Amino acid sequence: RPDVSNFESLKTEAPIEVVVENTKSCPRFSGITIKNLEHKQAPDWMKKRLTAIGVKSINAVVDITNFILHETGQPLHAYDLNKITGNKILVKNLPAGTEFKTLDDKVIKLRAEDLIICDGDSKGMCIAGVYGGLDSGVTDETKDIFLEAAHFDQISIRQTSTKHFLRTDAAKVFEKGSDPAKTVFALKRAAILLKEIAGGEIVSEIVDIYPKEITP
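Please read all numbers here as calculations on a predicted model, not as lab measurements.

A few words on the overall build of the protein chain. Within the protein chain one finds 5 helices and 12 strands. For the protein chain, whose C-alpha radius of gyration is 16 Å, the value lies close to the compact-globule estimate of 17 Å for 216 residues. Burial status across the protein chain gives 50% buried among its 216 residues. Counted over contacts in the protein chain with a minimum sequence separation of 6, partners at least 24 positions apart contribute 76%. When the accessible surface of the protein chain is totalled, it reaches about 10400 Å², and 48% of it is carbon and sulfur.

Have a look at this one:
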């Protein structure tokens, strides 16, 4: 098990405000703000491990999130911090028929049952646990991110993933049941790697919305 005892935040900024409106579909939502990331390639040791399990290396930030997924079993999602309107995140359901543009520039119409990660204006940024959105995704110009580690209801994720034909590594984990106890650990591990490898600065404490603890 990786050591996260050296996790330390600068705590120079308040965490992003997070409001979880649907706690049944999202029992736990954790996140942290990391700034001043350098866009570079991941080190060879990480590339080799990802290649060994069939994951293509892209850049340090993306590779670290993929590495943590396979190392800990906890999916992560990175948002471009400057694209989060109102410095606020809403975890909610949107009306049926709402259009959502995915990272690969496809437009789908949401179902009322689909859980969505929204900005402060209730604009969808990510189909929770399944697929990221084009307008909030990390690009080569992104230096500041909000990193999410959450636990989602497996039935909700499975139905959304299959109904929209969106099969991702994250969805495959969530639909089988992820471990709600891992979110903060995974964030610390990722933040440490982002600091060591990509020069990031951990500028906030971890925000952790977990109203009702799930026991084994």
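Once that is clear, we can look at the nonpolar core. Core analysis: the biggest nonpolar cluster contains 34 residues, and Phe29, Ile89, Ile117, Phe146 and Phe152 have the highest contact counts within it. Broken down by secondary-structure element, the contributors of at least two residues to this core are strand E1 (17-20), strand E4 (88-93), strand E7 (115-118), strand E8 (124-127), strand E10 (145-151) and helix H4 (169-174). No other element matches E7, which puts 4 residues into this core. If we skip the residues at most four places from it in the chain, Ile89 touches Ile16, Glu17, Val18, Val19, Phe29, Ile84, Ile117, Cys118, Met125 and Phe146. Counting residues in hydrophobic clusters, the runner-up holds 30 residues, among them Phe7, Val55, Ile68 and Ile145.

Moving on, we get to the pattern of salt bridges. Scanning the model with the defined rule gives 13 salt bridges in all. Here Asp105 and Lys101 are joined by a salt bridge, their closest N and O atoms 4.0 Å apart. For Lys101, a relative accessible area of 35% puts it in the partly exposed group. Between Glu175 and Arg167 there is a salt bridge whose closest N-O contact spans 2.8 Å.

Let us now look at the packing of helix H2 (residues 60-72) against helix H5 (residues 183-198). Taken N-terminus to C-terminus, the directions of H2 and H5 make an angle of 145°; their axes are 10 Å apart at the nearest point. The element H2 and its partner H5 pack so that their crossing is right-handed. Note on element contacts: H5 touches H2 through Phe185, Ala186, Arg189, Ala190, Leu193, Leu194, Ile197 and Ala198, opposite Ala60, Val61, Ile64, Phe67, Ile68, Glu71 and Thr72. A breakdown of the residues in the contact of H2 with H5 according to their chemical character gives 12 nonpolar, 1 polar and 2 charged.

All right, on to the environment of Val61 then. For Val61, the position within the fold is in helix H2. Under the relative-accessibility criterion, Val61 is labelled buried at 4%. Note: C-alpha distance between Val61 and Leu147 (86 residues apart in sequence) is 10 Å.

The subject of this paragraph is the environment of Ile68. Note that Ile68 resides in helix H2. For the pair Ile68 and Leu187, spaced 119 residues apart in sequence, the C-alpha separation works out to 8.9 Å. Apart from residues lying up to four places away in sequence, Ile68 is in contact with Gly73, Gln74, Leu76, Ala186, Arg189, Ala190 and Leu193.

With that settled, the discussion passes to the sheet that holds E7. As summarised here, the arrangement of the 5 strands in space is E1-E4-E7-E8-E9, forming an open sheet in which the pairing is mixed. Across the chains shown, the open sheet's two edge strands, defined by having one partner strand only, are E1 and strand E9 (131-132). Here E4 runs beside E7; their pairing, made up of 4 bridges, is antiparallel. Counted as the bridge partner of Asn93 is Leu115 from E7.

Moving on to the pairing of E10. By the criterion of burial, E10 is predominantly enclosed, with 7 of the 7 residues buried. With burial as the criterion, each face of E10 is covered, one bearing Ile145, Leu147, Ala149 and His151 and the other bearing Phe146, Glu148 and Ala150. Pairing geometry for strand E2 (residues 28-35) and E10, over 7 bridges, is antiparallel. Across the sheet, the residue bridging to Ser30 is Ala149, located in E10.

Orientation of helix H1 (residues 44-52) relative to H2, taken along the N-to-C sense of each, is 55°, at an axis distance of 10 Å. By the angle between their axes, H1 is oblique relative to H2. By crossing handedness, the relation of H1 to H2 is classed as left-handed. Residues Trp45, Met46, Arg49 and Leu50 of H1 pack against Asp63, Ile64, Asn66 and Phe67 of H2. Its residues assigned to classes, the contact of H1 with H2 comprises 5 nonpolar, 1 polar and 2 charged.

Conventions and cut-offs
- Residues numbered from 1 in each chain as written.
- Predicted model: local features only at pLDDT ≥ 70, side-chain atom pairs only at ≥ 80, totals over all residues.
- Heavy atoms only, no water.
- Helix = DSSP H or I, 4+ residues; strand = E, 2+ residues; numbered from the N terminus.
- Rg over C-alpha atoms; globule rule 2.2 N^0.38 Å.
- Buried < 20%, exposed > 50% of the residue type's maximum accessible area, 1.4 Å probe, protein only.
- Contact = heavy atoms within 4.5 Å.
- Areas by Shrake-Rupley, 256 points an atom, 1.4 Å probe, with all protein chains shown as cover.
- Core = buried A, V, L, I, M, F, W, Y, C linked by side-chain atoms within 4.5 Å.
- Salt bridge = Lys/Arg side-chain N within 4 Å of Asp/Glu carboxyl O.
- Axes fitted to C-alpha atoms, helices over the stretch in contact; angles between N-to-C directions.
- Left-handed = near helix turned anticlockwise from the far one by under 90°.
- Nonpolar A, V, L, I, M, F, W, Y, C, P; charged D, E, K, R; others polar.
- Pairing = 2+ DSSP bridges.
- Parallel < 35°, antiparallel > 145°, perpendicular 65-115°, else oblique.

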